[in-house]
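Given next are the chains, with one letter for each unit.
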Amino acid sequence: DQQVKQNSPSLSVQEGRISILNCDYTNSMFDYFLWYKKYPAEGPTFLISISSIKDKNEDGRFTVFLNKSAKHLSLHIVPSQPGDSAVYFCAASLKQGAQKLVFGQGTRLTINP
Amino acid sequence: NAGVTQTPKFQVLKTGQSMTLQCAQDMNHEYMSWYRQDPGMGLRLIHYSVGAGITDQGEVPNGYNVSRSTTEDFPLRLLSAAPSQTSVYFCASSYEPGGPNTQYFGPGTRLTVL
């Protein structure tokens, strides 16, 4: 039973355009959501997060949107750069500070020059 | 700061062998955890610890043991390796159980069980 789902295994975007990565969840008790970025042969690195009391959080080129009624979140990267090519995981936890993260399957983003 | 370190980077085992995956952090983090990453499955939590002497099971704990005798170290033990344990293993740490949920991951150990 996959509580956090990333239904697109891969995404290809032109450099300079917007990349939109999507994530759906089934557990309405999830309270805090995170995005991690992973390069090959490295561990995931934290990118951005959002609490369920917000619907948007921005950090530079990265924005995360949360639609609680649809149980859906998305990560927008604009403009996309070649260094953004990586696997992106969304994750959820039951409350901020709870340490048990549930991850999605990941989406491989490729930015084409 | 070295951050979160894991050894070895790669390991090949035969079915039934035992081994310990090492994890250490130098950030004085209370919380540490072990995940495994399998194709199409994302990362799944194996075991976690909220401080020295305290451990608990995650989503997929069977076949693995952990202990936390110091704040810095959190080894993962496979007592009798099985092919189903072929995976990439990541150790992570974060500030404190009630704090921001920013987990820092190590570079991973790629384990193959024949």
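Preceding block: the structure.
Anyway, here's the lowdown on the structure attached to this text.

1. Describing the overall build of chain B
Along its length, chain B carries zero helices and eleven strands. For chain B, the α and β elements follow one another from N to C terminus as β-β-β-β-β-β-β-β-β-β-β. Its C-alpha atoms give chain B a radius of gyration of 13 Å, near enough to 13 Å, the size a compact globule of 114 residues would have. Dimensions along the principal axes, computed over C-alpha positions, put chain B at roughly 40 × 30 × 25 Å. Within chain B, the proportion of its 114 residues that are buried is 49%. Only carbon and sulfur atoms are counted for the fraction: they give 52% of the accessible area of chain B, which is about 5100 Å².

2. What about the nonpolar core?
With 23 residues, the main nonpolar core has A:Phe33, A:Trp35, A:Leu73, A:Leu75 and A:Tyr88 as its most contacted residues. Those elements giving two or more residues to this core turn out to be strand 3 (19-25), strand 4 (32-38), strand 5 (45-51), strand 7 (62-67), strand 8 (72-77), strand 9 (86-93) and strand 11 (107-112) of chain A. Ranked by residues supplied to this core, first place goes to strand 9 of chain A with four residues. The contacts of A:Tyr88, once residues within four sequence positions are left out, are A:Gln6, A:Leu21, A:Trp35, A:Tyr36, A:Lys37, A:Leu47, A:Leu75, A:Ile77, A:Gly106, A:Thr107 and A:Leu109. B:Leu21, B:Leu76, B:Cys91 and B:Leu111 belong to the second-largest nonpolar core, a separate cluster that totals 19 residues.

3. Things to note about the environment of B:His47
Residue and element names in this part refer to chain B. Locating His47 in the fold gives a position in strand 5 (residues 42-51). C-alpha separation for the pair His47 and Cys91, spaced 44 residues apart in sequence, amounts to 9.9 Å. With sequence-adjacent residues up to four places away left out, His47 is seen in contact with Ser33, Trp34, Asp56, Gln57, Gly58, Pro61, Tyr64, Asn65, Val66, Phe74 and Leu76. Within polar-contact distance, the side chain of His47 engages the backbone oxygen of Asp56 at 3.4 Å.

4. Let's talk about the state of the cysteines
Taken as a whole and judged by the stated rule, the model has two disulfides over all chains. Across the disulfide from A:Cys23 sits A:Cys90; the S-S distance is 1.9 Å. In this structure the cystine formed by A:Cys23 and A:Cys90 twists about its S-S bond by roughly 65°; its chirality is therefore right-handed. One end of the pair, A:Cys23, is in strand 3; the other, A:Cys90, is in strand 9, and 67 residues separate them in sequence. Residue class for A:Cys23 comes out buried when judged on its relative accessible area of 1%. Disulfide pairing places B:Cys23 opposite B:Cys91 at an S-S distance of 1.8 Å. Taking the sign of the S-S torsion, about -70° here, the bridge from B:Cys23 to B:Cys91 comes out left-handed. Taken as a pair, B:Cys23 in strand 3 (residues 19-25) and B:Cys91 in strand 9 (residues 87-94) lie far apart in primary sequence, 68 residues in all. Judged by its relative accessible area of 2%, B:Cys23 is buried.

What counts, and where the lines are drawn
- Residues numbered from 1 in each chain as written.
- Chains lettered and ligands numbered in written order.
- Predicted model: local features only at pLDDT ≥ 70, side-chain atom pairs only at ≥ 80, totals over all residues.
- Heavy atoms only, no water.
- Helix = DSSP H or I, 4+ residues; strand = E, 2+ residues; numbered from the N terminus.
- Rg over C-alpha atoms; globule rule 2.2 N^0.38 Å.
- Buried < 20%, exposed > 50% of the residue type's maximum accessible area, 1.4 Å probe, protein only.
- Areas by Shrake-Rupley, 256 points an atom, 1.4 Å probe, with all protein chains shown as cover.
- Core = buried A, V, L, I, M, F, W, Y, C linked by side-chain atoms within 4.5 Å.
- Contact = heavy atoms within 4.5 Å.
- Polar contact = N/O pair within 3.5 Å; in protein donor to acceptor, adjacent residues only side chain to side chain.
- Disulfide = S-S within 2.5 Å.

Everything listed here is a matter of geometry and, on its own, says nothing about what the molecule does.
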